[in-house]
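Now for the letters of each chain:
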Amino acid sequence: DQIHAAQPLEIVTDNSRQGISTVKPIISVPRSNSGSILTDHIPSKPGVYFWKDDAGTILYIGKAKKLRSRVKSYLAPSAKHSQRIKIMLRKARHIEFILTPSERDALVLESSLIKHHMPTYNVLLKDDESYPFICASIGDPLPSFS
């Protein structure tokens, strides 16, 4: 089994303005003959992953510092998932991912994709939420915050 390119998702935002320097094509993760997801082909790099059902509907979008570890954590027999995630995993038939240059880029892309696609099993970032940022001055005797 090899990783193969999948049909790309429509991304309507201009990611270059959000600080994402490059986004690789979406990669689909193959299944073994027994139907289990093959995680050995997933790189241990930052990115965004998509759990999809048989019809190709996106069920869940997530980000990871190390994609392989994150996907494996869903599939581990000892995993303690919420009822919502257990149901999502029963419906999921395949996973796709996009590699990003950094964890920060994955965070920005994940937020954008959740807002655009509004997957059923994502509960955060659906309603125009964003991550708060605090800016502190450096070099001043007493830093200022904004």
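Residues numbered from 1 in each chain as written. Predicted model: local features only at pLDDT ≥ 70, side-chain atom pairs only at ≥ 80, totals over all residues. Heavy atoms only, no water.

A word on unusual backbone geometry. With phi around 45 degrees, Met118 is a residue other than glycine that occupies positive phi space. Of note, Met118 is situated in the segment after helix H3 (103-117). (Helix = DSSP H or I, 4+ residues; strand = E, 2+ residues; numbered from the N terminus.)

Bringing the confidence of the model for the chain into the picture now. The predicted model of the chain has a mean per-residue pLDDT of 74, with 66% of residues at 70 or higher. Element-level pLDDT for the chain is lowest in strand S1 (residues 4-5), with a mean of 33, against a maximum mean of 94 in strand S4 (residues 58-64). For the stretch residues 1-25, pLDDT sits under 50, and the model shows 54 contacts to residues farther than four places along the chain or on other chains. Here residues 125-129 is modelled with pLDDT under 50, and outside its nearest four sequence neighbours on either side it reaches eleven contacts, counting other chains as well. (pLDDT = per-residue confidence, 0-100. Contact = heavy atoms within 4.5 Å.)

Now for the nonpolar core. With 15 residues, the main nonpolar core has Tyr49, Trp51, Tyr60, Leu67, Tyr74 and Met88 as its most contacted residues. Every element with two or more residues in this core is listed here: strand S3 (47-52), S4, helix H1 (67-75), helix H2 (83-91) and strand S5 (94-99). Beyond its immediate chain neighbours, meaning those up to four positions away, Tyr60 contacts Tyr49, Phe50, Trp51, Tyr74, Arg84, Ile85, Met88, Pro119, Tyr121 and Asn122. Val48, Phe50, Ile98 and Ile114 belong to the second largest nonpolar core, which has nine residues in total. (Core = buried A, V, L, I, M, F, W, Y, C linked by side-chain atoms within 4.5 Å. Buried < 20%, exposed > 50% of the residue type's maximum accessible area, 1.4 Å probe, protein only.)

Inspection of the secondary structure assignment puts Met88 in helix H2. On the basis of relative accessibility, which here comes to 0%, the residue Met88 falls in the buried class. Between the C-alpha atom of Met88 and that of Tyr121, which follows or precedes it by 33 residues, the distance is 6.7 Å. Apart from residues no more than four positions distant in its own chain, Met88 is found in contact with Trp51, Leu59, Tyr60, Tyr74 and Tyr121.

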